[in-house]
Amino acid sequence: MRGVKTDEALLRAVARGDRVAFRELYERHADRVFRFALSFLRAPHLAEEVLQETMVAVWKNADRFKGASKVTTWILGIAKNQGHALLRREVRGARTPDDPVSEPDPAETTELCVRVEDAVATLPAHLREVLHLVFYEEMTLGEAAAVLGIPEGTVKSRMFHARKALAKVLT
Amino acid sequence: MMTCEAVLELLPWYATGKLGAEDAAAIAEHLRGCDACRLELAAVLRLRHGVSGDEGATEPVRERVWRRVTVQAGIRDIAQIDVGSLAIGLRLGLNARRSTPVRASLRVMGRQVRIVGAKRQGAPDEPEEASGPSRLHPPEPPQTFCARQGSRRTPFAERSRIAAGTSRTRTR
């Protein structure tokens, strides 16, 4: 039986044009990219758009991956750039979301989760994305800094400000 | 010994177990003697528990986006014509690639032989799912490039629509 391929092996195969490997890589990372985009965009249809643009970029640029970071970090870095570009277009008023952001169903989550989610939704996008990478993706300081393209000290200070802002909202 | 300020900065990574052994040990030692930082750790753990409530990419979402990815990346043809019979025939495909937007392959006894539009070096034969729409998931019409119907035109949607424009006439 063939063993499970590593992300790096899949990406090398994608760089050679292997569509089966691309599908496998997509299945492994689609949810991660979608959730990360959702953490700062707060609109599922925009997160879908980021997922689409990110994976197209992965297909086109797979041969540029040099192995300096994890594949996950590389892909989320692309997603961050795509998502921020989309945000800039949104800010310029090029488009507006069609539907209000879907609210979580309180019946399906604990009261704490709902309160925290509501509180997190009030934070600016650059703080939400840090919270997501650290608490949901459980990234190290260095990994989060690499994805966001900012120094580790900035990640720490953003995290600190996010917690401070949340403490105000949650108390 | 670590100061409270240094501990507070690193608590999120302490809570997720993503610190180096040295830092983690220093924080653990600090926490043993600092009530204020222990309270902060409890707050961080509650926060960590609460983050991640968003629903992820469900299977329908992943499938929908995958179809758009394959068209935009030029993997899936946006328009396809088949002539001939099951035993022998010709397939012409139009995709979104700039370099080779047209593909043609000869079908002989169920086997596809590419004659125009070479695949990348070393690439394996494409699976049926990647080369064309599956029976379970028929292709969406071009307007599905807009995230939601009725949305205002966007630069992205415009690009996608241009890329898929020809599929209005004939999409398999």
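Residues numbered from 1 in each chain as written. Chains lettered and ligands numbered in written order. Predicted model: local features only at pLDDT ≥ 70, side-chain atom pairs only at ≥ 80, totals over all residues. Heavy atoms only, no water.

A closer look at the overall build of chain B
Then step 1. From N to C terminus, chain B includes six helices and four strands.
Then step 2. Across the 172 residues of chain B, 40% fall into the buried class.
Then step 3. Excluding contacts between residues fewer than 6 apart, the proportion of contacts in chain B whose partners are at least 24 apart in sequence is 41%.
Then step 4. About 9,800 Å² of surface is accessible on chain B, with carbon and sulfur atoms providing 57% of the total. (Helix = DSSP H or I, 4+ residues; strand = E, 2+ residues; numbered from the N terminus. Buried < 20%, exposed > 50% of the residue type's maximum accessible area, 1.4 Å probe, protein only. Contact = heavy atoms within 4.5 Å. Areas by Shrake-Rupley, 256 points an atom, 1.4 Å probe, with all protein chains shown as cover.)

Section: the nonpolar core
All names here are of chain A.
Then step 1. Phe22, Val58 and Leu131 are the most contacted members of the largest nonpolar core, which totals 79 residues.
Then step 2. Top contributing element to this core by residue count: helix 2 (residues 19-41), with twelve residues.
Then step 3. Not counting residues within four places of it along the chain, the set of residues in contact with Val58 comprises Leu11, Val14, Phe22, Leu25, Trp74, Ile75 and Ile78. (Core = buried A, V, L, I, M, F, W, Y, C linked by side-chain atoms within 4.5 Å.)

Focus on the pattern of salt bridges
Residue and element names in this part refer to chain A.
Then step 1. Considering all chains together, one arrives at 15 salt bridges over all chains under this definition.
Then step 2. When the shortest N-O distance is used, the salt bridge between Arg35 and Asp31 registers 2.9 Å. Of this pair, Arg35 and Asp31 both sit in helix 2, four residues apart, which is roughly one turn of that helix.
Then step 3. Taking the relative accessible area as the measure of exposure, Asp31 reaches 24% and is therefore partly exposed. (Salt bridge = Lys/Arg side-chain N within 4 Å of Asp/Glu carboxyl O.)

A closer look at the packing of aromatic side chains
Aromatic ring pairs: the centre-centre distance and the angle between the two ring planes describe each pair.
Then step 1. Applying the stated criterion across every chain yields a total of five aromatic pairs over all chains.
Then step 2. Measuring from ring centre to ring centre gives 5.0 Å for Phe22(A) and Trp59(A), while their planes differ by 45°; the resulting arrangement is tilted. Of this pair, Phe22(A) sits in helix 2 while Trp59(A) sits in helix 3 (residues 44-61), and the two are 37 residues apart along the sequence. Like Trp59(A), Phe22(A) is buried.
Then step 3. Measuring from centroid to centroid gives 5.2 Å for Phe36(A) and Phe40(A), while their planes differ by 70°, and the two rings are edge-to-face. Residue Phe36(A) and its partner Phe40(A) are located together in helix 2, separated by four residues, close to a single helical turn.
Then step 4. Judged by relative accessible area, which is 1%, Phe40(A) ranks as buried.
Then step 5. Through a chain of ring-to-ring contacts, three or more aromatic side chains come together here, namely Phe22(A), Tyr26(A), Trp59(A) and Trp66(B). (Phe/Tyr/Trp six-rings, centres within 6.5 Å; stacked < 30°, edge-to-face > 60°.)

With respect to helix 7 (residues 141-148) of chain A
Residue and element names in this part refer to chain A.
Then step 1. Along helix 7, six of the eight residues are buried, which leaves the element largely enclosed by surrounding structure.
Then step 2. Residues of helix 7 that are buried include every one of Leu141, Glu143, Ala144, Ala145, Val147 and Leu148, and no others.
Then step 3. Phi turns positive one or two residues past the end of helix 7, at Gly149, with a value near 70°.

Considering the packing of helix 1 (residues 4-15) of chain B against helix 2 (residues 21-32) of chain B
Packed helices, taken two at a time, are described by the angle between their axes plus the distance between the axes.
All names here are of chain B.
Then step 1. In contact at an axis separation of 10 Å, helix 1 and helix 2 are set at 120° when each is read in the N-to-C sense. As helix 1 packs across helix 2, the resulting crossing turns out to be left-handed. On helix 2, the residues that touch Cys4, Val7, Leu10, Leu11 and Tyr14 of helix 1 are Asp23, Ala24, Ile27, Ala28, His30 and Leu31.
Then step 2. Here the residues of the contact of helix 1 with helix 2 are counted per class, giving nine nonpolar, one polar and one charged. (Axes fitted to C-alpha atoms, helices over the stretch in contact; angles between N-to-C directions. Left-handed = near helix turned anticlockwise from the far one by under 90°. Nonpolar A, V, L, I, M, F, W, Y, C, P; charged D, E, K, R; others polar.)

A short note on the packing of helix 1 (residues 7-15) of chain A against helix 2 of chain A
All names here are of chain A.
Then step 1. Orientation of helix 1 relative to helix 2, taken along the N-to-C sense of each, is 135°, at an axis distance of 8 Å. As the angle between them shows, helix 1 and helix 2 are arranged oblique. The interaxial crossing formed by helix 1 with helix 2 has left-handed handedness. Between helix 1, through Asp7, Leu10, Leu11, Ala13 and Val14, and helix 2, the contact on the second element is made entirely by Ala21, Phe22, Glu24, Leu25, Arg28 and His29. (Parallel < 35°, antiparallel > 145°, perpendicular 65-115°, else oblique.)

What to know about the environment of Cys37(B)
Residues and elements named next belong to chain B.
Then step 1. Its place among the elements puts Cys37 in helix 3 (residues 35-50).
Then step 2. When its relative accessible area of 2% is taken as the criterion, Cys37 is described as buried.
Then step 3. For the pair Cys37 and Leu11, spaced 26 residues apart in sequence, the C-alpha to C-alpha distance is 8.8 Å.
Then step 4. The residues contacting Cys37, other than those within four sequence positions of it, are Cys4, Val7, Leu8, Leu11, His30 and Leu31.

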